[in-house]
Amino acid sequence: MVVVLGISVILSSILIIYSGDSRKFLIFSNERSLIVSAIFKAKSYSLETYQPTQFTISGINPTESICGWGVRFEKNPSGNDQYYVYKDIDNSPEACSGSNVGYFDISESAQVFEKGKLDKNILEFSCLDILSSGFPCNPASTKGSIDVFFQPPDPAVIFNPDNPGAREANIQLEFSGGGCSVIKINRSSQINLEEFSTSC
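For clarity, every value in this text was computed on a predicted model and none was experimentally measured. (Residues numbered from 1 in each chain as written. Predicted model: local features only at pLDDT ≥ 70, side-chain atom pairs only at ≥ 80, totals over all residues. Heavy atoms only, no water.)

J.: With reference to specific residues and values, describe the packing of aromatic side chains.
T.: By the definition in use, this model includes 11 aromatic pairs. Centre to centre, the rings of Phe 25 and Phe 196 are 5.0 Å apart; their planes meet at 80°, and the pair counts as edge-to-face. With Phe 25 in helix α1 (residues 2–47) and Phe 196 in the segment after β9 (191–193), this pair connects stretches of sequence that are 171 residues apart. The interplanar angle of 75° and the centroid separation of 5.6 Å between the aromatic rings of Phe 28 and Phe 196 together place this pair among those described as edge-to-face. Residue Phe 28 is located in helix α1, and its partner Phe 196 is located in the segment after β9; the two are separated by 168 residues in the primary sequence. Aromatic rings pair up to connect Phe 25, Phe 28, Phe 175 and Phe 196 into one cluster. (Phe/Tyr/Trp six-rings, centres within 6.5 Å; stacked < 30°, edge-to-face > 60°. Helix = DSSP H or I, 4+ residues; strand = E, 2+ residues; numbered from the N terminus.)

Shown next as structure tokens:
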């Protein structure tokens, strides 16, 4: 009887520990999917920018000159990391031209279309960087924030901060239970989600 009770207690404790880790991993997978969805949303909205009267998305004014859509990823050392889907609005006579097209400006609240926040107890951006293709993301040289902007009609991809040799943005998500997953966006607007890996 004591042996049966001991085995039952051991199996129950394993089940409780396993279910807690499983719950966290499901949240990690869901958040990763939401981030990828936000990137695809910005890319898809940028393809519609030249038909402003056909917008059915709430929060869009058909009279605005929308230069494109982007996603900003922010690393917050003291709290939860976050990301924004934003639109770049320009109502000047030279609409959508110049060197500041696609840059996220938090002071312009009309730009923010959607905001997401990561639960730091489950996942975080362990690396945000703009790199040459094929190089791994190095958490030691991570940026505080990066922007990936889709400019119509192709859509062309603009990175911020940018450097001439940069070919892709790397967003590395680290799971609190160990392991990570990397999202890559290249200049051709291809979005690649790498499988979850236990070694980062």
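Next comes the rest of the account.
J.: If you had to explain the sheet that holds strand β3 (residues 112–117) to someone new, which residues and values would you point to?
T.: As a general point, the strands of a sheet are linked pairwise by backbone hydrogen bonds and lie either parallel or antiparallel. Taking strand neighbours across the sheet as the criterion, the five strands line up as β3-β2-β1-β5-β6 in an open arrangement whose pairing is antiparallel. The sheet terminates laterally at β3 and β6 (156–160), the two strands that pair on one side only. Sheet twist, expressed as the average angle between the axes of neighbouring strands with direction ignored, equals 15°. Sheet topology places strand β5 (residues 145–151) next to β6; five bridges connect them, and they run antiparallel. Within the sheet, the bridge partner assigned to Phe 149 lies in β6 and is Ile 158. (Pairing = 2+ DSSP bridges. Axes fitted to C-alpha atoms, helices over the stretch in contact; angles between N-to-C directions.)

J.: Can you lay out the sheet that holds strand β7 (residues 168–175) for me, pointing to particular residues and giving the numbers?
T.: The antiparallel open sheet is built from four strands, whose spatial order is β4-β7-β8-β9. Only two strands of the sheet have a single neighbouring strand rather than two, namely β4 (123–131) and β9. Within the sheet, the average angular offset between the axes of one strand and its neighbour, ignoring direction, is 15°. The pairing of strand β8 (residues 180–186) with β9 spans three bridges and is antiparallel. In the sheet register, Lys 184 faces β9, and the bridge partner there is Asn 192.

J.: So, the pattern of salt bridges: which residues are in play, and what are the values?
T.: Taken as a whole and assessed by the stated rule, the structure comprises eight salt bridges. A salt bridge links Asp 147 to Arg 72; the nearest nitrogen and oxygen atoms lie 2.8 Å apart. Residue Asp 147 is found in strand β5, and its partner Arg 72 is found in strand β1 (residues 66–74); the two are separated by 75 residues along the sequence. Among the residues examined, Arg 72 registers a relative accessible area of 13% and is labelled buried. In this structure, Glu 124 engages Lys 75 in a salt bridge whose closest nitrogen and oxygen atoms are separated by 3.0 Å. Of this pair, Glu 124 sits in strand β4 while Lys 75 sits in the loop between β1 and β2 (82–89), and the two are 49 residues apart along the sequence. The partly exposed category is assigned to Glu 124, whose relative accessible area is 31%. (Salt bridge = Lys/Arg side-chain N within 4 Å of Asp/Glu carboxyl O. Buried < 20%, exposed > 50% of the residue type's maximum accessible area, 1.4 Å probe, protein only.)

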